[in-house]
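# Examining the three-dimensional arrangement
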Amino acid sequence: MKYLTLTLLLFLTLSTFGQFQPNYDESKIPDYELPELLLSEKHGKIKSVKAWETKRRPEILELFADQMYGKVPDVPYSLDFKVKQKGVSILSGKALLKEVEITISTVNGALPFTLMIITPNSAGPHSCFMTINFYGNHTLLDAKNISLTNSWVRNNEEFNITNNKATEASRGARSYRWDIDAIVSRGYALASIYYGDLDPDYDDGFQDGLHPLFYGQGQSKPKPEEWGSIGVWAFGMSRSMDYLVTDPLIDARKVAVMGHSRLGKTSLWAGVNDQRFALVISNDSGCGGAALSRRAFGETVGRINTSFPHWFNDNFTQYNENESALPIDQHMLLALVAPRALYVASAEDDRWADPKGEFLSTYHANPVYKLYGEQCIDDPQMPAVDQPKMVGKTGYHVRSGGHNVTDYDWEQYMNFADQVFN
Ligand code: GCU
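Let us look at the structure shown here.

Right, let's talk about the overall build of the protein chain for a bit. The helix and strand inventory of the protein chain stands at eleven helices and twelve strands. A globule of 422 residues ought to have a C-alpha radius of gyration of about 22 Å, and the protein chain, at 22 Å, matches this closely. In the protein chain, which comprises 422 residues, the proportion classed as buried is 56%. Excluding contacts between residues fewer than 6 apart, the proportion of contacts in the protein chain whose partners are at least 24 apart in sequence is 68%. Carbon and sulfur atoms make up 51% of the accessible area of the protein chain, which amounts to about 17600 Å² in all. Side-chain charges in the protein chain split into 40 positive and 51 negative, and the spacing between the mean points of these groups amounts to 4 Å.

Next comes the structure, spelled out in structure tokens:
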């Protein structure tokens, strides 16, 4: 009996305190006040584009780097580009495939990764989506010429991936998320890198991937303010852009950076740091991406830092169950995209990512767009499901269905890109 009572007690304790219960009830969202975009403790009220660009924007960017995504260590590196193959006909001659091996080198060693570029088979230069993927470039399209990565890949029975190795059988396994036919038909190029080439997505104390290349003497893990995995993946997107700006097939002034989910968090971080990206797209990026942290709806800061301790920097853990102490919130991240174009997409059933929180931060980024005199979404009413809203430089939709990237999402990205690039 005593044993039974103890077991019951343990069970009750675990189910009450040990397990995270996400809040999906709007009425239980804590009262919150968002930090003001155009008010700096140090510089006062920000009234001009100049004051934004020279004072407040750097201040906010520094806070996100220092307190959340992590700083790139100040270590010199060099880049090398090797075109491995080009002009390879794919999609029945509709498109051309190119692969570029990009090597990042520091005094500690070198790390190569492969940038895949698919261009329409017509005269360029082409506008381009720079993207990052979860299972390897070869999973985006079933084409035999796309090379397989040698890096760690997450096992997935459905995709025939075992032993953490890319397999022939996984070619095209994720093609349902990449509407490449439609993308090239509409005249866009698609560039993509595999995130695991830059940093395998598991918590290994930062011993593999790019981190060790950037350690100082005697250092064996990033400092509390230095980058986690998202920082490294975003860095990889920017190094890819370093190549794209040299490629005559690509119109470097019309490159959108796009990612989904954890890689949507990544595309946002890449897009705010690298102003060469003319359009920044977040697909279902949720907590630590487009969603407001202070709403604590669905996934929370404490939860994400516990499940994925390698994504953000160590400083970010001080906000676990303590969102109101954050000196920033995610509307400020989105505002750093201004005056460039921004598109945020949610999915109705993806409550874990807090669709409303993703919309609200898009809306609350508006003071900075207005400071630039740009049109943007400035109606606080969330658009209805499957009713995309594109106003000047910002766009948003909540699609029916769940956490995914669908042809519908791509269609909106291209509609918006057509609008802002032309
Ligand atoms: C988990 C995680 C999310 C993330 C998602 C993904 O659900 O909690 O923050 O966006 O994985 O990347 O698929």
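If you walk across this open sheet you meet the ten strands as β3-β4-β5-β7-β6-β8-β9-β10-β12-β11, and the pairing is mixed. Edge positions in the open sheet fall to β3 (78–90) and β11 (389–391), since each of these has one partner strand only. Here the strands of the sheet are splayed against their neighbours by 15° on average, with no regard to which way each runs. Bridge count for strand β9 (residues 279–283) against strand β10 (residues 341–347) is five bridges, and the pairing is parallel. Within β10, the residue paired with I281 across the bridge is Y343.

Strand β4 (residues 95–106) sits mainly inside the fold: nine of its twelve residues count as buried. Here β3 pairs with β4 via ten bridges, running antiparallel. Paired with K82 across the two strands is E101, which belongs to β4. The antiparallel hairpin formed by β3 and β4 contains four residues in its connecting segment, where L91 sits at a positive phi of about 50°.

Here we come to the site of the ligand. If you check the shell around the ligand, you find F134, S261, R262, K265, E299, I304, F308, W311, W352 and H403 and nothing else. Separating an oxygen atom of the ligand from a side-chain N or O atom of S261 is a distance of 2.7 Å. Residue R262 places a side-chain N or O atom 2.5 Å away from an oxygen atom belonging to the ligand. Computed on the free molecule, the ligand has an accessible area of 320 Å², of which 82% lies beneath the protein chains in the complex.

Another point: the packing of helix α5 (residues 229–244) against helix α6 (residues 262–273). Their axes nearest at 8 Å, the elements α5 and α6 cross at an angle of 60°. Viewed along their axes, α5 and α6 adopt a mutual orientation that is oblique. Seen along the crossing, α5 lies across α6 with a hand that is right-handed. Only R262, L263, K265, T266, S267, W269 and A270 of α6 make contact with α5, whose side of the interface consists of I230, G231, W233, A234, M237 and S238.

Each value, and the rule that gives it
Residues numbered from 1 in each chain as written. Predicted model: local features only at pLDDT ≥ 70, side-chain atom pairs only at ≥ 80, totals over all residues. Heavy atoms only, no water. Helix = DSSP H or I, 4+ residues; strand = E, 2+ residues; numbered from the N terminus. Rg over C-alpha atoms; globule rule 2.2 N^0.38 Å. Buried < 20%, exposed > 50% of the residue type's maximum accessible area, 1.4 Å probe, protein only. Contact = heavy atoms within 4.5 Å. Areas by Shrake-Rupley, 256 points an atom, 1.4 Å probe, with all protein chains shown as cover. Lys, Arg positive; Asp, Glu negative; His and termini not counted. Charge placed at Lys NZ, Arg CZ, Asp CG, Glu CD. Pairing = 2+ DSSP bridges. Axes fitted to C-alpha atoms, helices over the stretch in contact; angles between N-to-C directions. Near = heavy atom within 4 Å. Polar contact = N/O pair within 3.5 Å; in protein donor to acceptor, adjacent residues only side chain to side chain. Parallel < 35°, antiparallel > 145°, perpendicular 65-115°, else oblique. Left-handed = near helix turned anticlockwise from the far one by under 90°.

Read these as geometric descriptors, not functional statements.
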